[in-house]
Amino acid sequence: MVTPSPPRYLLRPANPYFIFLSLFLASMFNFMPWHQLFIPDMVALVLLFWNIRQPRKISIGTAVVLGLCMDAQNGVVLGQHILAYSLMSFVAITLHRRELWLNRWVRGIYIIFLLLLPKLICILLGLIITGETPNWLYLSTAIIEVILWPWLSWLLLLPQRRADEIDTIRPI
């Protein structure tokens, strides 16, 4: 028996002001002064979402600017988050067409790989430069981020969804 696929919506174009607002709010979330052990990296999440959904509007240059802000805020070696976010954005932009056609479980594996990439880069650079052994629980936030991914994508796609009711004056 063939199971019906979920309905796909025709989306409106993404508003650049909404994209900027979502990235700004994600960076403000990361700037909050709390312990970093189980707090998700919202900048990486939102940046990854917009890299997959709007690769022409949010590019690697945006990842560099956000990485510079995160390096300055965290007080780490300048370029650590820049390298991490730009490599994550490069892989996401390169493979963005494939991700949209994957089913839910394979998409989760793809997303967890992309969210682990900046964390592993930050850990490796911190290990090479400072010589300190990192806390490996830092990688557990990627699992929290994958759990947040469906809700975040639903929330960020909400302004782009068209109305469900059919308008008789405007059929499209």
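1. Some remarks on the packing of helix α1 (residues 16–30) against helix α2 (residues 42–53)
Phase 1: The contact between α1 and α2 brings their axes to 7 Å, and the two run at 160°. Classed by the angle they form, the pair α1 and α2 counts as roughly antiparallel. Along its contact with α1, which presents Phe18, Ile19, Ser22, Leu23, Ala26, Ser27, Phe29 and Asn30, the element α2 presents Met42, Val43, Val46, Leu47 and Trp50.
Phase 2: Counted by class, the contact of α1 with α2 contains 10 nonpolar, 3 polar and no charged residues.

2. Quick notes on helix α6 (residues 104–129)
Phase 1: Its 26 residues place the ends of α6 38 Å apart at the C-alpha level, agreeing with the 38 Å of an ideal helix rising 1.5 Å per residue.
Phase 2: The set of residues buried in α6 consists of Tyr110, Ile111, Leu114, Leu115, Pro118, Lys119, Ile121, Cys122, Ile123 and Gly126.
Phase 3: Those residues of α6 that are buried are in contact with α2, α4 (80–94), α5 (96–99) and α7 (141–157).
Phase 4: In the stretch just after α6, Gly131 is the one whose phi turns positive, near 80°.

3. So, α2
One turn of an α-helix holds 3.6 residues; hence residues three or four places apart share an orientation.
Phase 1: Here α2 is 12 residues long and its end C-alpha atoms lie 16 Å apart, about the 16 Å a rise of 1.5 Å per residue gives.
Phase 2: Buried within α2 we find Met42, Val43, Ala44, Leu45, Val46, Leu47, Leu48, Phe49, Trp50, Asn51 and Ile52.
Phase 3: Those residues of α2 that are buried lie in contact with α1, α3 (60–74), α4, α5, α6 and α7.

4. Overview of the environment of His81
Phase 1: If you trace the backbone, His81 turns up in helix α4.
Phase 2: With 37 residues separating them along the chain, His81 and Ala44 place their C-alpha atoms 9.8 Å apart.
Phase 3: Leaving out residues up to four positions away in the same chain, His81 has contacts with Gly67, Met70, Asp71, Asn74, Val76, Ser86 and Cys122.

5. Topic: the pattern of salt bridges
Phase 1: Inspection of every chain in the model, using the stated rule, returns 2 salt bridges.
Phase 2: Between Glu99 and Arg107 there is a salt bridge, and its shortest N-O distance comes to 2.9 Å.

6. A short note on the nonpolar core
Phase 1: Counting residues in each nonpolar core, the largest one holds 30 residues, and the members touching the most others are Leu23, Leu47, Leu48, Trp50 and Tyr85.
Phase 2: The dominant element in this core, judged by the number of residues it contributes, is α2, at 10 residues.
Phase 3: Apart from the residues within four sequence positions on either side, Leu23 is in contact with Val46, Leu47, Trp50, Ile58, Thr62 and Leu66.

7. Concerning the packing of aromatic side chains
One pair of aromatic rings is described through two measures. These are the centre distance and the angle between the planes.
Phase 1: Per the counting criterion, the structure on display carries 4 aromatic pairs.
Phase 2: Measuring from ring centre to ring centre gives 6.2 Å for Phe18 and Trp50, while their planes differ by 85°; the resulting arrangement is edge-to-face. Here Trp50 lies in helix α2 and Phe18 lies in helix α1, a separation of 32 residues in the sequence.
Phase 3: Judged by centre distance (4.9 Å) and plane angle (75°), the rings of Phe49 and Trp50 are edge-to-face.
Phase 4: On the accessibility criterion, Phe49 (1% relative accessible area) is buried.
Phase 5: Joined through ring pairs, the aromatic side chains of Phe18, Phe49, Trp50 and Trp149 make up one cluster.

Calculation rules
Residues numbered from 1 in each chain as written. Predicted model: local features only at pLDDT ≥ 70, side-chain atom pairs only at ≥ 80, totals over all residues. Heavy atoms only, no water. Axes fitted to C-alpha atoms, helices over the stretch in contact; angles between N-to-C directions. Helix = DSSP H or I, 4+ residues; strand = E, 2+ residues; numbered from the N terminus. Parallel < 35°, antiparallel > 145°, perpendicular 65-115°, else oblique. Contact = heavy atoms within 4.5 Å. Nonpolar A, V, L, I, M, F, W, Y, C, P; charged D, E, K, R; others polar. Expected span 1.5 Å × (residues − 1). Buried < 20%, exposed > 50% of the residue type's maximum accessible area, 1.4 Å probe, protein only. Salt bridge = Lys/Arg side-chain N within 4 Å of Asp/Glu carboxyl O. Core = buried A, V, L, I, M, F, W, Y, C linked by side-chain atoms within 4.5 Å. Phe/Tyr/Trp six-rings, centres within 6.5 Å; stacked < 30°, edge-to-face > 60°.

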